[in-house]
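Observations on the model geometry
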Amino acid sequence: MRARTAIIAGAGRLPATLARALPEALICAPAGIAPEGLSVAQPFHFERLVPFLRDLGNRGIETVVMAGAIERPSLDPALFDRDTAQLVPDLLRAIQSGDDGALRWVIGLMEEFDLRVEGVPQIAPDLLIAEGPATARAPSADEAADAARGAEILAALAPVDVGQGCVICAGQAIGLETLYGTDAMLADVANHRPERAPHKGGTFVKRAKAGQDLRVDLPTIGPATIEAAAQAGLTAIALQQGHVIVLDRDAVLARADAAGIALWGMA
């Protein structure tokens, strides 16, 4: 079964990490995307999605893994084939409904072509954060309280598909992740912290959206996330256990320990 797997790779390091677990996988990527550390064997255009999915079936592909960041595509009418063009109204409605809606539509289309979609929980479950402290320092009571407050805020925002992360300090939200992602949120917090006390402390909370399909678009952190959190003056990172990917775990934990940041998996 693993020899009949295709990885649809986006940007970032996750596709290459999964490719190491699936050495025989066919590496595919949307045109214009160069996954870090991977050679793309089969590029494709979203405007020709139907022929691409047919080709996967003709190659004997049975399972598809989607990994890495893929921005919402700008569609070129001149590139559409007849079959994919007929799907445009549904595709546009899915894109306009938000990331989750678009991904569900793509998954549904793949399943119509008898392709099974799997994700990190099936392929590489060790990448997911486990429950409990992962760093040398466990969270303080205040940091844990901020994490709980952040979970409440993200649960409230999930129905409107805003983002997967927030920053809480002393019970107040000082950063909310939007379309621009975690790095932009943490940079914004770092930029504004001198303007208002408290200038240091707080918890970065990262969780999957309620009801999210865990096969795709799982929240992900890596060593750069720790650096950004430290620059923002944060002292804790709370990740939803079993729902957040930690890339380069040894480096992540080493940098967190060096910065005095408590990192843990929370329910």
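Structure report, in brief. (Residues numbered from 1 in each chain as written. Predicted model: local features only at pLDDT ≥ 70, side-chain atom pairs only at ≥ 80, totals over all residues. Heavy atoms only, no water.)

The omega torsion across A197 and P198 is 0 degrees, close enough to zero to call that bond cis. Positionally, P198 belongs in the loop between α8 (181-192) and β9 (203-206). One non-glycine residue, D114, lies in positive phi territory at about 60 degrees. With relative accessibility at 67%, the residue D114 sits in the exposed group. (Helix = DSSP H or I, 4+ residues; strand = E, 2+ residues; numbered from the N terminus. Buried < 20%, exposed > 50% of the residue type's maximum accessible area, 1.4 Å probe, protein only.)

Here we take up the state of the cysteines. Disulfide: a covalent bond formed between the sulfur atoms of two cysteine residues. All told, the structure shown has zero disulfides when counted by the stated rule. Free of any disulfide, C166 has its nearest cysteine sulfur in C169, 12 Å distant. With relative accessibility at 0%, the residue C166 sits in the buried group. The exposure class of C169 is buried, given its relative accessible area of 6%. (Disulfide = S-S within 2.5 Å.)

What follows covers the pairing of strand β4 (residues 63-67). β4 sits mainly inside the fold: five of its five residues count as buried. Sheet topology places strand β1 (residues 5-9) next to β4; five bridges connect them, and they run parallel. Each bridged residue has a counterpart across the sheet, and for I8 the counterpart in β4 is M66. In the sheet, β4 pairs with strand β5 (residues 116-118) via three bridges, with the strands oriented parallel. Within β5, the position partnered with V64 by the bridge is V117. (Pairing = 2+ DSSP bridges.)

Ranked by internal contacts, the top residues of the largest apolar core, which has 24 residues, are I8, C28, F52, L53, L56, V64 and M110. Of all the elements in the fold, those that place two or more residues in this core are β1, β2 (26-30), α2 (49-58), β4, α4 (88-96) and α5 (99-112). Take this core: its biggest share by element is five residues, from α5. In this structure F52 touches I8, C28, Q42 and F44, once residues within four positions along its chain are discounted. Within the second largest apolar cluster, 21 residues are counted, among which are I226, A228, I237 and L263. (Core = buried A, V, L, I, M, F, W, Y, C linked by side-chain atoms within 4.5 Å. Contact = heavy atoms within 4.5 Å.)

In this section: the packing of aromatic side chains. Taken as a whole and assessed by the stated rule, the structure comprises two aromatic pairs. With centroids separated by 5.6 Å and ring planes inclined at 70 degrees, the aromatic side chains of F44 and F46 adopt a geometry described as edge-to-face. F44 sits in the buried class, given a relative accessible area of 6%. Here F44 and F52 contribute two aromatic rings whose centre-to-centre distance is 4.0 Å and whose plane-to-plane angle is 10 degrees, an arrangement assigned as stacked. Among the residues examined, F52 registers a relative accessible area of 6% and is labelled buried. Pairwise contacts between aromatic rings join F44, F46 and F52 into one cluster. (Phe/Tyr/Trp six-rings, centres within 6.5 Å; stacked < 30°, edge-to-face > 60°.)

This part is about the sheet that holds β1. Judged by pairing direction, the sheet is parallel, and its five strands sit side by side in the order β3-β2-β1-β4-β5 without closing on themselves. Both edges of this open sheet fall to β3 (42-44) and β5, since each of them pairs with a single strand only. Each neighbouring strand pair of the sheet contributes to a mean axis angle of 30 degrees, computed without reference to strand direction. Packed on one face of the sheet, α2 meets β1, β2, β3 and β4 and runs near 155 degrees to β3. (Axes fitted to C-alpha atoms, helices over the stretch in contact; angles between N-to-C directions.)

Nothing here speaks to function; it is geometry throughout.
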